[in-house]
Amino acid sequence: MTPEERAFAAAQAAAPAPAEAPRRRISVLRIAVLIVVVAAACASIVAFRSVSRSARSLVVQSAFMPYVDATATPQYAFENAHESNLVLGFVVSSAGDACEPSWGGSYSLDSASTALDLDRRVARFGQRRGQVAVSFGGAANSELANGCTDIAKLTAAYRAVVQRYSVGTIDLDLEGDTALSSTVVARRAQALHTVQQQARAAGDPLQIWLTLPVDPSGLTSAGSAALATMLNAKVTIAGVNGLIMDYGSSLPKGMSLTTASESALTHLADQVRSAFAAAGHKVSAARSWQLIGATPMIGQNDSSDERLDLRDAAALVRFAEQKHLRRMSMWSLNRDQACGPNYANVTIVSPNCSGIAQRAGQFAKIFQAFKAGKPVKFEAGASASPSPTGTSIVDDPATSPYPIWNPTMPYAAGTKIVWHRNVYQAKWWTKGDTPDAPVSSSSQTPWTLIGPVLPGEHPKPTPTMAAGTYPKWSATKTYRAGTRVLFDGIGFQAKWYTRGDVPGITVNDPGQTPWELISSK
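Residues numbered from 1 in each chain as written. Predicted model: local features only at pLDDT ≥ 70, side-chain atom pairs only at ≥ 80, totals over all residues. Heavy atoms only, no water.

Caption draft 1: A look at the overall build of the chain. Counting its regular elements, the chain contains 12 helices and 22 strands. Of all intrachain contacts in the chain linking residues separated by at least 6 positions in sequence, the fraction that spans at least 24 positions is 67%. Surface exposure of the chain reaches about 25,800 Å², of which carbon and sulfur atoms provide 55%. (Helix = DSSP H or I, 4+ residues; strand = E, 2+ residues; numbered from the N terminus. Contact = heavy atoms within 4.5 Å. Areas by Shrake-Rupley, 256 points an atom, 1.4 Å probe, with all protein chains shown as cover.)

In structure tokens form, the structure reads like this:
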């Protein structure tokens, strides 16, 4: 019997039982009352079912997504990080062309692949089942839309980054008056709507996060306007990530960073809910928290009197779990260590340390406890099929960017080789140590796994020179440092006194050969 049938039966039971004699007709009034009772009972049951379905429809998804400064020195080995999700920052306009994407204004996408080996490291993180998001903007440089006024070129720039790194999520870290001006926000929204539509049409949905400054009252007016513009431009926003840091004068005297951050996020949830409603998307109060992210700055903040310590971080995690935030981040993994005795003034923010007493990786460990729900699995995230392993693999020199490892060849620190379709780099001088030999600790191998050989890679061509450019090398002649010769059409320069050492014969070990390759006159 269905609930509705049970309700009807209950209503019937409540009605007066008909007498055997004399028989009386049930009045119209009684029929009306009976109908009302049944209808009310059924309506209440239907309403309960509807509320239950609504309550069950909120599927909580959350993830810890720390930032990594991809261009900071020393280089942070994010490819070996324990996290499942990372946000790499920051892609901005290049110094010479506002419409050309660059990493930190210092590396084009191509030069980042060469100088930072970034493409391979992203692929390596994908091998380990990690998901990489890319962040555009940041506080230090110019976000692409700031200066690129050509919508077609701006669209192409965003798309080039998304496609190059196969990311399913991008983050827009919009800080400063220019990045949040109405004109810039409008063209950014137009370009990203196109990029998102193209990605969706290709079967690779693209999630877009807005990362915006907040104060204890939530978004600034400029931040609220930026969110409204993006929504009105039909950009699908995955969420708004509040930068709960550097409050400055907006932080009331005596208010802790934890209290200020909880206040900022509570107001942010309300603002996001209102913004989505204004754009025609009704969002429940509970659902609004699934459209919220939070990013504190660990340790010393840019505001000298603001410091987020380990207890503050733990309190934020508890708040985020209670409210079911979608995302928890931190700036940054690069800084998750103590500064050490040689860093003179810890109140000055360092890109490489937190400025407080802590163990290395301690903040990340605290934030990894964020378990408001199952981790988010981003669509079309950066990934690479695990490279095959085993001695049956044959590496092809024609499709390898570096020489194939040779057990009889010595390799100096820093030398890169290919073995079993992966690129390795020597940590110290080594000879005969198999790059992928099983070890219990990374300290037991002289090799660091950088990442897989990428599709389409091939050896860098060796530059040749015309006969007569330099004298031919002679095995019987003595050469001093700086002398240049030709050997098989390739130019070499002596690094020190040498006689009888064949140029190029040990080029894989640049620290040991007296000859260095030259590429121009």
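Caption draft 2: Representation of the state of the cysteines. Applying the stated rule across the entire model yields 2 disulfides. Disulfide pairing is shown between Cys99 and Cys148; the S-S distance is 2.0 Å. The sign of the S-S torsion, about 100 degrees, decides the handedness of the disulfide formed by Cys99 and Cys148: right-handed. Of this pair, Cys99 sits in the loop between β3 (85-93) and β4 (101-103) while Cys148 sits in the loop between α5 (144-147) and α6 (151-165), placing them 49 residues apart in sequence. With respect to burial, Cys99 and Cys148 carry one shared label: buried. Note on cysteine connectivity: Cys339 is disulfide-linked to Cys353, with sulfurs 2.0 Å apart. Taking the torsion about the sulfur-sulfur bond, which here is approximately 90 degrees, the covalent link between Cys339 and Cys353 counts as right-handed. Here the residue Cys339 occupies a position in the loop between β14 (327-328) and α12 (362-367), and Cys353 occupies one in the loop between β14 and α12, the gap between them amounting to 14 residues. (Disulfide = S-S within 2.5 Å. Buried < 20%, exposed > 50% of the residue type's maximum accessible area, 1.4 Å probe, protein only.)

Caption draft 3: Seen up close, the sheet that holds strand β17 (residues 447-452). Read from one edge to the other, the open sheet built from 3 strands follows the order β15-β16-β17, with strand pairing classed as antiparallel. Looking at the sheet topology across the chains shown, the edges are occupied by β15 (416-419) and β17. Going across the sheet, the axis of each strand differs from the next one's by a mean of 35 degrees, ignoring polarity. Note: β15 against strand β16 (residues 422-426), 4 bridges, orientation antiparallel. Bridging across to β16, Lys416 finds its partner in Gln425. (Pairing = 2+ DSSP bridges. Axes fitted to C-alpha atoms, helices over the stretch in contact; angles between N-to-C directions.)

Caption draft 4: Layout of the nonpolar core. In this structure, Trp103 and Tyr158 are the most contacted members of the largest nonpolar core, which totals 90 residues. Ranked by residues supplied to this core, first place goes to helix α9 (residues 257-278) with 9 residues. Residues Tyr67, Val87, Met245 and Met297 belong to the second largest nonpolar core, which totals 11 residues. (Core = buried A, V, L, I, M, F, W, Y, C linked by side-chain atoms within 4.5 Å.)

Caption draft 5: Summary view of the pattern of salt bridges. Under the defined criterion, the tally for this structure stands at 9 salt bridges. In this structure, the salt-bridge partner of Asp117 is Lys416, at a minimum N-O distance of 3.0 Å. Of this pair, Asp117 sits in the loop between α3 (109-115) and α4 (118-127) while Lys416 sits in strand β15, placing them 299 residues apart in sequence. Here Asp117 matches Lys416 in class, with each residue buried. Arg120 serves as the salt-bridge partner of Glu457, at 2.9 Å between the closest nitrogen and oxygen. Taken together, the residues Glu457 in the loop between β17 and β18 (478-479) and Arg120 in helix α4 connect sequence positions 337 residues apart. Judged by relative accessible area, which is 2%, Arg120 ranks as buried. (Salt bridge = Lys/Arg side-chain N within 4 Å of Asp/Glu carboxyl O.)

Caption draft 6: Local environment of the packing of aromatic side chains. Within the structure shown, the criterion is met by 11 aromatic pairs. Considering the side-chain rings of Tyr479 and Trp515, the 5.5 Å spacing of their centres and the 70 degrees angle between planes classify their relative orientation as edge-to-face. A residue pair is termed long-range when its members are at least 10 positions apart, and Tyr479 in strand β18 and Trp515 in strand β22 (residues 515-517) qualify at 36 residues. An aromatic cluster is defined as three or more aromatic residues linked by ring pairs; in this entry it consists of Tyr67, Phe90 and Trp331. Between Arg327 and the ring centre of Trp209, over which it is positioned, the NZ or CZ distance is 5.1 Å. (Phe/Tyr/Trp six-rings, centres within 6.5 Å; stacked < 30°, edge-to-face > 60°. Lys NZ or Arg CZ within 6 Å of the ring centre and 35° of its normal.)

Caption draft 7: Here's a closer look at the sheet that holds strand β20 (residues 490-494). Pairing within the open sheet is antiparallel, and its 3 strands lie in the order β19-β20-β22. Taken across any chain shown, the strands that pair with only one partner, and hence form the sheet edges, are β19 (484-487) and β22. Sheet twist, expressed as the mean angle between neighbouring strand axes with direction ignored, is 40 degrees. Pairing geometry for β19 and β20, over 4 bridges, is antiparallel. Following the sheet pairing, Leu486 is matched in β20 by Gly491.

Caption draft 8: Quick look at α4. Summarising burial for α4: 10 of the 10 residues are buried, a large majority. The set of residues buried in α4 consists of Leu118, Asp119, Arg120, Arg121, Val122, Ala123, Arg124, Phe125, Gly126 and Gln127. Where α4 terminates, the next one or two residues include Arg129, which has phi positive at roughly 70 degrees.

Caption draft 9: View of unusual backbone geometry. Of note, the amide linkage connecting Thr73 to Pro74 takes the cis form, showing an omega dihedral of 5 degrees. Here Pro74 is to be found in the loop between β2 (67-69) and β3. Across the junction of Trp331 and Ser332, the peptide omega takes the value -5 degrees, indicating a cis bond. Its location among the elements puts Ser332 in the loop between β14 and α12. Here the phi dihedral of Asp246 falls at roughly 50 degrees; this positive angle occurs in a residue that is not glycine. Mapped onto the elements, Asp246 comes out in the loop between β10 (237-244) and α9. Judged by its relative accessible area of 27%, Asp246 is partly exposed.

Caption draft 10: How the structure looks around the side chain of Ser94. Tracing the backbone shows Ser94 in the loop between β3 and β4. For Ser94, a relative accessible area of 14% gives the class buried. A polar side-chain atom of Ser94 sits 2.8 Å from the main-chain carbonyl oxygen of Asp97. Those residues in contact with Ser94, other than ones at most four positions away along the chain, are Glu100 and Ser102. (Polar contact = N/O pair within 3.5 Å; in protein donor to acceptor, adjacent residues only side chain to side chain.)

Caption draft 11: Quick peek at the packing of helix α7 (residues 182-201) against helix α8 (residues 221-232). The geometry of α7 relative to α8 is characterised by a closest axis approach of 9 Å and an angle of 35 degrees between their N-to-C directions. Helix-helix and strand crossings are classified by hand; for α7 and α8 the assignment is right-handed. Residues Val185, Ala186, Ala189 and Leu192 of α7 lie in contact with α8, whose contacting residues are Ala226, Thr229 and Met230. Residue composition of the contact of α7 with α8, by class: 6 nonpolar, 1 polar and no charged. (Left-handed = near helix turned anticlockwise from the far one by under 90°. Nonpolar A, V, L, I, M, F, W, Y, C, P; charged D, E, K, R; others polar.)

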